[in-house]
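Survey of secondary and tertiary structure
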Amino acid sequence: MSLLLQFLFSGLTTGSVYALVGIGFNIVYNSTSILNLAQGEFVVIGGLMMWFFLEGMNLPFATSVALTLTVAATLALLMERLTIKPLLKKGDLLLMIMVTIAVSILIRGLLMFKFAKDPYTYPPFTEGEPLVIYGAVITQQTLWVIGITAFSIVILYLFFNKTMLGRAMKACSLDIKAARLMGINVSNMVMLSFIISGLVGAIGGIAITPISLMEYDKGAMLSVKGFCAAVIGGLGRGRGAVVGGFTLGILESFTAGYIHSGFKDAVALLIMLFILLFRPAGIFGKTETLRLRKF
Amino acid sequence: MNYLGKLLLIILAFLILWTSPSYCKEPYKIGAIFSVTGAASFLGEPEKNTVQMLAEQINKAGGINGHPLEVIIEDSKSDETQAVLAAKKLIEKDKVLAIIGPSTTGESMAVIPIATSAQTPLISAAAGASITQPVKERYWIFKTAQYDTSAVEAIYTYMKKKGIKKVGIITITTSFGDAGRKALLELAPKFGISVVADERYGPKDTDMTTQLVKIKSAGAQAVINWSVGPGQVIVTKNWHALKMGIPLFQSHGWGSKKNIELAGKAAEGVIAPLGRLVVWDKLSDKHPQKALLKKYVTDYEARYKSEPGTFGGHAYDALMIVVAALKNVGPDKKKIRDYIENKIKNWPGTGGIFNMSPIDHCGLDMTAFEMVIVKNGDWEILK
Amino acid sequence: MGKGNILSLLILTLLIIIFPIVIKDTYLHTIGIFAGINALVAIGLTILMGYAGQISLGQAAFYGIGAYISAILSLHFGLPVILSIFLALLVASTAAIILAIPALRLKGHYLAVATLGFGEIIHIMLHEWGPGGPSGFGDIPKMNLFGYTFTSTNDYFYLVWMCVVVIMIFSLNLINSMTGKALQAMHGSEIATQTAGINLTKLKIKVFILSSIYASLAGAMYAHYVTFLSPSSFSLFHSVLFLMMVIIGGISNIWGGIVGALIITILPEVLRGFKEFDILLYGLILTLFLLFMRKGLVPMTIATYKRWIHR
């Protein structure tokens with residue numbers, strides 16, 4: 001029993017980050033139909049910048065968080081304005097995917113330049129003994145990660161459903177023309193979607209770094225796995241990414257636990273391929289044809 | 001000035017130029033291939049820094065028998081194809097007398113056929129046994145990093161002394177981890193030890209509690225982790241959080257203060273076989289390696305504001321061995337090779353005391369390591 | 001095949017023949033060999049993406065399959081090199097069929113991600129099951145054609161680039177034939193093409209297979225040239241590099257594959273001085289190209305030339 005629980009906890013930890021990246025993917029996808037393959041880089045930005053402010057400049061915790069999120073939001077904004085907006089009109093899918101890949105390499109290069117290849121970490125948010133539940137250990141930071149992820153999900157839900165701005169963004173994702181007719185500035189919604197997904201990624205990075213450390217090149221793997229999470233849950237479905245992320249984390253953990261730890265990484269990809277080939281809409285999605293939205 | 005005066009002046013100038021060191025004698029060119037960037041940059045960067053620092057020191061002191069030392073450093077970017085290109089460039093374009101490096105076993109293997117067919121001595125800084133074995137096919141190839149098998153032997157010898165019979169191993173899925181895993185599995189029976197769990201993880205994994213829990217439940221009396229990079233720290237933190245109650249052993253890749261720093265109090269009690277470079281200040285003054293280790297570490301830290309680590313030391317040894325050869329036999333590739341094979345005996349380096357021979361092109365064994373435990377955030381040699 | 005293409009082929013052949021004679025630096029010959037190997041992959045990818053409009057983020061997988069299968073068959077099973085290569089191409093095309101059949105039902109991003117997933121899975125398989133695992137293996141037999149063993153740099157240079165020429169001839173013919181026109185039509189509008197009675201599914205499969213054959217051929221050549229393989233040469237990063245070659249060279253013209261391959265292969269040499277900046281520069285160059293020069297060098301050069309002669 002304790003073995004199962006331990007695997008579960010381990011899976012929840014990694015699953016949280018996958019879920020956050022997946023949510024970020026969905027937000028951008030919903031407003032633009034673009035797959036932002038640079039999504040994972042924002043997690044790295046969150047972790048490294050947090051270290052920079054907290055440990056490097058010895059600023060207080062809250063200030064560091066605020067500054068880190070500001071940096072992440074600014075970078076997301078720059079990415080959208082400089083590379084996405086000019087090309088979106090062309091409606092060329094291939095181009096957009098390539099651009100996000102190019103930007104991810106660029107961000108990685110910048111991070112390497114500033115932070116080199118070393119791993120960085122900072123102390124957990126609260127120090128103390130880990131909890132023991134039925135023989136399985138769960139550290140306080142793990143609880144923080146799961147808690148922060150849950151909190152973010154709730155906040156996003158409220159935003160998209162209860163605020164005017166959020167509902168405007170939702171409208172864009174459902175029907176561009178109608179949204180425009182209602183007077184919604186679509187271009188601003190796109191910008192906002194990038195900023196929000198950048199923030200979501202950064203939050204994940206800030207939370208996970210005390211557990212797993214952070215280095216400049218963790219982004220690629222996170223992008224791929226976070227994307228798998230989004231696909232499993234159904235691209236574009238908010239709930240889907242959450243379920244997908246946690247499912248993925250837990251399945252990886254169980255594979256390592258009960259089968260063979262060497263195959264852990266393949267799990268994410270195999271499941272994703274399986275879903276793509278047999279139920280492309282994912283767990284929650286409806287089978288709909290894919291089209292690039294025209295702006 | 002009259003005619004005679006001008007002539008004397010010219011002769012004087014000529015004499016001055018002729019006798020002034022380093023400006024008239026041909027430089028000795030050595031090539032170096034390091035993984036300065038890419039996945040193995042934690043190896044390549046200190047190696048590159050070390051070689052640059054040493055070359056400068058040597059040249060300031062007058063070079064090698066008056067010849068300036070020129071080390072041409074190429075970055076393989078931790079990629080075999082680039083290592084191959086670098087080796088070809090150094091041999092064909094720069095016409096180097098010998099090559100130091102590469103930093104990783106994989107790259108070394110890729111470069112071996114090139115060095116061999118170009119009959120150029122290659123002194124690798126990587127650990128893989130296949131680099132220098134079978135010796136018959138490695139006539140031109142040497143290495144300065146200890147064998148992974150030696151590190152494993154050091155751990156197992158210690159474990160046998162302490163009566164540990166069952167171990168769980170957890171290794172990273174890179175060539176470093178893979179080589180360690182093979183050695184751990186192969187050598188265990190020789191020490192009466194059985195490996196009850198064989199777990200693995202990837203370089204970018206964030207949590208290893210699952211694997212550690214499996215090891216504990218398989219009845220292991222100790223855990224051995226074989227990796228370099230953040231994986232070592234994560235495993236340590238997981239081990240500590242789980243309160244596993246059984247000792248954690250690390251590979252010789254553990255030897256960096258940064259790891260203790262990153263792992264915090266979780267590192268307390270972790271044991272590893274480390275090159276003496278890491279614990280130079282704990283050695284007795286009579287130890288043959290102490291003086292050179294002290295100088296190397298203090299010089300490096302003063303210049304680069306970070307510790308060289310044992311990996312930088314492999315480059316140190318490789319370069320100094322070639323320099324020793326050059327000093328004695330001059331710029332002849334075959335003679336350099338012969339010198340290294342036959343004359344490097346009881347030769348103190350950073351990695352250990354080298355004893356090269358026609359049947360051993362590495363020259364180090366398990367005595368190159370000290371068993372070290374982390375106590376109060378610092379290293380302590382275990383007796 | 002148009003006059004322009006025939007002329008270009010002749011010039012290319014000429015350049016190939018005189019290059020090792022005129023340029024004495026054997027190091028440049030080595031770079032030329034790798035450029036040629038990359039060109040093979042890039043040409044196939046250009047046809048797939050530019051003419052057939054399909055996306056592949058996992059081309060390194062076929063490259064890797066070609067390399068590993070050919071190496072294993074010739075080293076561990078003692079098969080003649082030429083047979084090993086042939087069988088490797090067969091395995092790669094089978095993998096391509098397996099991927100293509102379900103992938104055809106996908107469009108746009110889904111296809112891109114399926115190829116990315118496929119690429120990563122093959123990478124993991126090479127890592128887990130390849131000889132030597134992550135450490136790789138060596139002693140792969142050198143290229144051997146009808147009894148003649150290729151040993152020198154010159155040998156390989158001519159071999160690789162002659163392959164490129166042959167592949168170019170074949171590809172140019174393909175593009176100008178019925179199949180080729182059907183390909184372009186499909187890229188333009190699938191519905192229209194279907195209305196014209198052309199079987200889309202078969203076409204897509206064929207193109208996937210073609211690009212996989214080119215890539216695996218390149219991989220096999222790599223294996224028998226370097227004689228050492230490890231999984232780290234066949235990762236997502238390399239798939240992205242191949243994509244960059246196509247983008248920079250020009251997605252709509254297969255000559256772009258050669259140009260892009262040359263540039264990407266030479267780039268690390270040029271950047272050798274900029275050790276810490278290299279990733280940054282890669283990202284910057286790619287981003288700038290995509291923003292401002294997305295047609296690619298070859299189409300842009302042709303367009304400029306056309307404007308110039310019509311002045």
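Residues numbered from 1 in each chain as written. Chains lettered and ligands numbered in written order. Predicted model: local features only at pLDDT ≥ 70, side-chain atom pairs only at ≥ 80, totals over all residues. Heavy atoms only, no water.

1. Quick notes on the overall build of chain C
Using the following cut-off: The helix and strand labels rest on DSSP assignments: H or I over at least four residues marks a helix, E over at least two residues marks a strand, and numbering proceeds from the N terminus. Computation of the radius of gyration draws on C-alpha atoms alone. For the globule rule, the value is 2.2 Å times the number of residues to the power 0.38. Relative accessibility under 20% of the residue-type maximum defines a buried residue, over 50% an exposed one, and the middle range a partly exposed one, all with a 1.4 Å probe and only protein chains included. Residue contacts are defined here by distance: any two heavy atoms, one from each residue, within 4.5 Å place the two residues in contact. Areas reported here follow the Shrake-Rupley algorithm with a probe of radius 1.4 Å; residue values treat only the protein chains shown as occluding. Charge assignment in this entry is limited to Lys and Arg as positive and Asp and Glu as negative, and neither His nor the chain termini are counted. Throughout, a charge is located at the NZ atom of Lys, the CZ atom of Arg, the CG atom of Asp or the CD atom of Glu.
Helix and strand counts for chain C come out as 13 helices and two strands. The C-alpha atoms of chain C give a radius of gyration of 19 Å, which matches the 19 Å a tight globule of 311 residues would have. Its C-alpha atoms give chain C principal-axis dimensions of about 55 × 45 × 45 Å. Every one of the 311 residues in chain C was classed for burial, and the buried ones make up 60%. Looking at chain C alone, contacts between residues at least 24 apart form 78% of all its contacts between residues at least 6 apart. A total accessible area of about 12400 Å² is found for chain C, and carbon and sulfur atoms account for 72% of it. For chain C, the distance from the average position of its 16 positive side-chain charges to the average position of its 9 negative side-chain charges is 21 Å.

2. Thoughts on the pattern of salt bridges
Residues and elements named next belong to chain B. Rules: Salt bridge, as applied in this entry: a Lys or Arg side-chain nitrogen positioned within 4 Å of an Asp or Glu carboxyl oxygen.
Evaluated as defined, the whole model comprises 22 salt bridges over all chains. Among the salt bridges present, the one from aspartate 338 reaches arginine 337, with a minimum N-O distance of 2.9 Å. A single salt-bridge network, built from bridges that share partners, covers Lys257, Asp281, Lys282 and Asp378.

3. With respect to the interface of chain A and chain B
What counts, and what does not: The term buried area refers to how much accessible surface (probe radius 1.4 Å) is lost by two components on association, counted for both of them together. Polar contacts, as counted here, are pairs of nitrogen or oxygen atoms within 3.5 Å of one another; within protein the pair requires one atom able to donate a hydrogen and one able to accept it, and residues that are adjacent in sequence qualify only if both atoms are side-chain atoms.
If you look at the interface, chain A gives 32 residues, while chain B gives 26 residues. Buried area between chain A and chain B, summed over both chains or domains, comes out near 2500 Å², and the portion from carbon and sulfur atoms is 57%. Three residues stand out in chain A for area buried against chain B, namely Lys117(A), Leu213(A) and Ser261(A), and they jointly supply 18% of the buried area on that side. Taken together, the links from chain A to chain B amount to one salt bridge. For Glu129(A), the salt bridge goes to Lys243(B), with nearest N and O atoms at 2.6 Å. In this structure, the connection of chain A to chain B is made through seven residue pairs in polar contact (both at pLDDT 80 or more).

4. Structural notes on empty space enclosed by the protein
As a reminder, the rule being used: In this analysis a 1.4 Å probe is tested at points of a 1 Å grid over the protein atoms alone, and where it fits but cannot get out there is a cavity; an open set with protein on both sides within 12 Å along at least five of seven lines is a pocket; lining residues have an atom within 4 Å of a point. Grid points are joined across faces, edges and corners, and a volume is the space filled by probe spheres set on the points. Residues are sorted three ways: Asp, Glu, Lys and Arg are charged, Ala, Val, Leu, Ile, Met, Phe, Trp, Tyr, Cys and Pro are nonpolar, and all the rest, Gly among them, are polar.
Tallying each qualifying case throughout the model produces two cavities of 30 Å³ or more. Reported here for the largest cavity is a volume of approximately 210 Å³. Sorting the residues of the lining of the largest cavity by element identifies helix H1 (2-32), helix H8 (186-212), helix H9 (219-233) and helix H10 (238-259) of chain A together with helix H7 (209-217) of chain B as the ones contributing at least two each. Of all the elements, H1(A) adds the most residues to the lining of the largest cavity, at five residues. Here the lining of the largest cavity is built from residues that sort into seven nonpolar, nine polar and seven charged. Its volume calculated, the second largest cavity comes out at about 40 Å³. What lines the second largest cavity is simply Leu57(C), Gly58(C), Ala60(C), Leu116(C), Gly119(C), Glu120(C), His123(C), Phe234(C), Ser235(C), Leu236(C) and Ser239(C).

5. A closer look at helix H6 (residues 175-187) of chain B
Residues and elements named next belong to chain B. We count it as follows: An expected span of 1.5 Å times one less than the residue number is assigned to each helix.
For H6, built from 13 residues, the straight-helix expectation of 18 Å at 1.5 Å per residue is met to within 8% by its first-to-last C-alpha distance of 18 Å. Among the residues making up H6, those that are buried are Phe176, Gly177, Asp178, Gly180, Arg181, Ala183, Leu184 and Leu187. If you follow the buried residues of H6, they end up packed against helix H5 (148-161), strand E6 (166-172), strand E7 (194-201) and strand E8 (222-226).

Remember that the coordinates give geometry; whether it matters functionally is a separate question.
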